[in-house]
Amino acid sequence: QVQLVESGGGLVQPGGSLRLSCAASGSIFSINRMAWYRQAPGKERELVASISSGFSTNYADSVKGRFTISRDNAKKTVYLQMNSLKPEDTAVYYCNQQSKTTMIHYWGQGTQVTVSS
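Residues numbered from 1 in each chain as written. Predicted model: local features only at pLDDT ≥ 70, side-chain atom pairs only at ≥ 80, totals over all residues. Heavy atoms only, no water.

A. Examining the overall build of the protein more closely. Within the protein, the regular secondary structure consists of zero helices and eleven strands. Secondary structure of the protein in N-to-C order comes out as β-β-β-β-β-β-β-β-β-β-β. Over its C-alpha atoms the protein spans a radius of gyration of 13 Å, differing by no more than 12% from the 13 Å that the globule rule assigns to 117 residues. Judged by the C-alpha coordinates and their principal axes, the protein covers about 45 × 25 × 25 Å. Counting all 117 residues of the protein, 43% fall into the buried class. Element-wise, carbon and sulfur atoms account for 49% of the exposed surface of the protein, whose accessible area totals about 6000 Å². If you average the places of the 12 positive and of the 7 negative side-chain charges in the protein, the two averages end up 7 Å apart. (Helix = DSSP H or I, 4+ residues; strand = E, 2+ residues; numbered from the N terminus. Rg over C-alpha atoms; globule rule 2.2 N^0.38 Å. Buried < 20%, exposed > 50% of the residue type's maximum accessible area, 1.4 Å probe, protein only. Areas by Shrake-Rupley, 256 points an atom, 1.4 Å probe, with all protein chains shown as cover. Lys, Arg positive; Asp, Glu negative; His and termini not counted. Charge placed at Lys NZ, Arg CZ, Asp CG, Glu CD.)

In structure tokens form, the structure reads like this:
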């Protein structure tokens, strides 16, 4: 049974930084694509960043140059370093794992990020 547990969200002022973490269990973490999505009130869930098993990364245009996704296979954890945060980054952030073998997507419970002065 795959479990994804996010942490690190909170309230931060514009221009500030946060680091999200997502600890995975119940899967062969190293072979699976990991990603962060976010959903703001009244909006659809959107892809923020992804990282493949080969450490290739992909970012939404809105976060390029400000966010960095990384993974530690030994700790079965994926991170999202968020710098120069803007009010429009306010959303619930979800960790996502796509199984390489079944292509099934698994989701964490989400962590709230609020950027406000």
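B. Up close: the state of the cysteines. Counted according to the given criterion, the structure contains one disulfide. Shown here is the disulfide that connects Cys22 with Cys95, its sulfur atoms set 2.1 Å apart. Measuring handedness by torsion sign, the sulfur bridge of Cys22 and Cys95 sits at about -80° and is left-handed. A residue pair is termed long-range when its members are at least 10 positions apart, and Cys22 in strand E3 (residues 18-25) and Cys95 in strand E9 (residues 91-98) qualify at 73 residues. Residues Cys22 and Cys95 agree in their burial class; the two are buried. (Disulfide = S-S within 2.5 Å.)

C. Broad picture of the packing of aromatic side chains. Overall, the coordinates contain two aromatic pairs when judged by the stated rule. Ring centres of Tyr37 and Trp107 lie 4.9 Å apart, and the angle between their planes is 65°; this geometry places the pair in the edge-to-face category. Residue Tyr37 is located in strand E4 (residues 33-39), and its partner Trp107 is located in strand E10 (residues 105-107); the two are separated by 70 residues in the primary sequence. A ring pair is formed by Tyr94 and Trp107, whose centres lie 6.5 Å apart and whose planes are at 85°; its orientation type is edge-to-face. (Phe/Tyr/Trp six-rings, centres within 6.5 Å; stacked < 30°, edge-to-face > 60°.)

D. View of the environment of Lys76. Topologically, Lys76 is positioned in the loop between strand E7 (67-72) and strand E8 (77-82). In the structure, Lys76 is positioned 53 residues away from Ala23 in sequence and 6.0 Å away in space, judged by C-alpha atoms. Ignoring anything within four residues of it in the chain, the contact list for Lys76 reads Cys22, Ala23, Ala24, Ser27 and Phe29. (Contact = heavy atoms within 4.5 Å.)

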